[in-house]
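# Coordinate inspection notes
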Amino acid sequence: MIPSSKIADVKAKITETRPIGADVTILTLECPEIAAAARPGNFVNIKVSDASHPLLRRPFCIHNVSGGTIDVMVKNVGKGTTLLCDAACGSSVMVLGPLGNSFGTGTGDFDTALLVSGGIGTAPMLFLEKKLAGQGIPFMNLVGGRSRTDLLTRGLSNCNTATDDGSEGFQGNVVELLSRILETTAAGRRPKVFACGPNPMLKALAKFCAKRAIPCELSLESVMGCGIGICYGCMVELNNADGQLETVLLCKEGPVIDGFRFTA
Ligand SMILES: Cc1cc2nc3c(=O)[nH]c(=O)nc-3n(C[C@H](O)[C@H](O)[C@H](O)COP(=O)(O)OP(=O)(O)OC[C@H]3O[C@@H](n4cnc5c(N)ncnc54)[C@H](O)[C@@H]3O)c2cc1C
């Protein structure tokens, strides 16, 4: 968890916008304080407009950090994300962050990192793979989508893809691809899975890993308001250590959680 002294609320200039498909745009935001404190898995909460609507900020994973800038990868799904995807280069937005906890990349329980993502869930993986590469930890990306046009692999290294319709890579879902990789390329290794994507995918992945005692961390999403534990808008039910369901605030206890907490 980021200490509150390192969380900044800054007016960040949008220095670059790159559409990377019909409905996904990468925005580069100038915010040196946030870039300096960011860890893979953290997110930022962005006020997408100066107007009163949308009132609440919108949360986005930190996709990349470069010098004093961060990138966010935004999928256009509604009012707030449309405003952000259409934002002009040179304009500014208020950015609060970095928020939440981060992926656990300390070694000990693994020697190979398997980064499993689906759809816009690939957003945090670039920052994560750069950290792993810096630590000398071998990693592989497993990226899933319905079809090849849904795959967001831009910038990622060492990618294996899976599509439901077989239009690119392995035909099947990304959990089936993981199973294949564990029997082939990653056989004999001590893997750890880091994942982000739609909840049904993450649930299936959590169960798959729990059954095989593979350490697994998931970055979850929920509807979120303040991002700092005040509004109680991001309550989710997760397993506790005794296997009982408990209600937690995702912005405080997440967004990264241990996979066993998501197996119910
Ligand atoms: C910790 C965290 C990290 C996230 N990282 C990213 C990211 O890197 N890139 C990205 O594109 N999106 C990310 N999201 C999701 C993103 O915040 C939502 O898509 C966004 O808030 C929707 O805003 P909107 O105003 O465009 O949509 P709205 O007009 O508010 O809603 C449009 C549709 O999107 C759904 N929706 C709203 N909020 C969410 C949500 N949090 N998750 C899923 N569906 C939602 C609504 O139910 C509705 O169906 C993240 C969410 C969280 C909690």
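Being a predicted model, the structure only gives us computed values, none of them experimental.

Here the focus is the domain arrangement of the chain. What the domain assignment lists for the chain is domain 1 (4-99) and domain 2 (112-219). Look at where the C-alpha atoms of domain 1 and domain 2 centre, and you get two points 24 Å apart. Of the roughly 1,300 Å² buried between domain 1 and domain 2 on both sides combined, carbon and sulfur atoms contribute 72%. Three residues stand out in domain 1 for area buried against domain 2, namely P40, H63 and M73, and they jointly supply 42% of the buried area on that side.

Moving on to the packing of aromatic side chains. Inspection of the entire model under this criterion finds 2 aromatic pairs. Note on F103 and F194: the rings are 5.8 Å apart at their centroids and 85° apart in plane angle, and the pair reads as edge-to-face. Of this pair, F103 sits in the loop between β7 (92-99) and β8 (112-118) while F194 sits in strand β12 (residues 191-196), and the two are 91 residues apart along the sequence. Residue F103 is classed as buried on the basis of its relative accessible area, which comes to 5%.

Quick look at the site of the ligand now. Lining the immediate environment of the ligand, one finds 20 residues, of which R58, P59, K75, G80 and T81 sit closest. Between the ligand and C61 there is a distance of 3.1 Å, counted from a nitrogen atom to a backbone nitrogen or oxygen. Taking K75, its main chain carries an N or O atom lying 2.7 Å from an oxygen atom of the ligand. Among the secondary structure elements, those contributing two or more residues to the shell around the ligand are β4 (58-61), β6 (69-75) and α2 (79-85). Taken together, the residues of the shell around the ligand sort by class into 12 nonpolar, 4 polar and 4 charged.

Thresholds, definitions, all that
Residues numbered from 1 in each chain as written. Predicted model: local features only at pLDDT ≥ 70, side-chain atom pairs only at ≥ 80, totals over all residues. Heavy atoms only, no water. Domains from an automatic or database assignment. Buried area = accessible area lost by both parts, 1.4 Å probe. Phe/Tyr/Trp six-rings, centres within 6.5 Å; stacked < 30°, edge-to-face > 60°. Helix = DSSP H or I, 4+ residues; strand = E, 2+ residues; numbered from the N terminus. Buried < 20%, exposed > 50% of the residue type's maximum accessible area, 1.4 Å probe, protein only. Near = heavy atom within 4 Å. Polar contact = N/O pair within 3.5 Å; in protein donor to acceptor, adjacent residues only side chain to side chain. Nonpolar A, V, L, I, M, F, W, Y, C, P; charged D, E, K, R; others polar.

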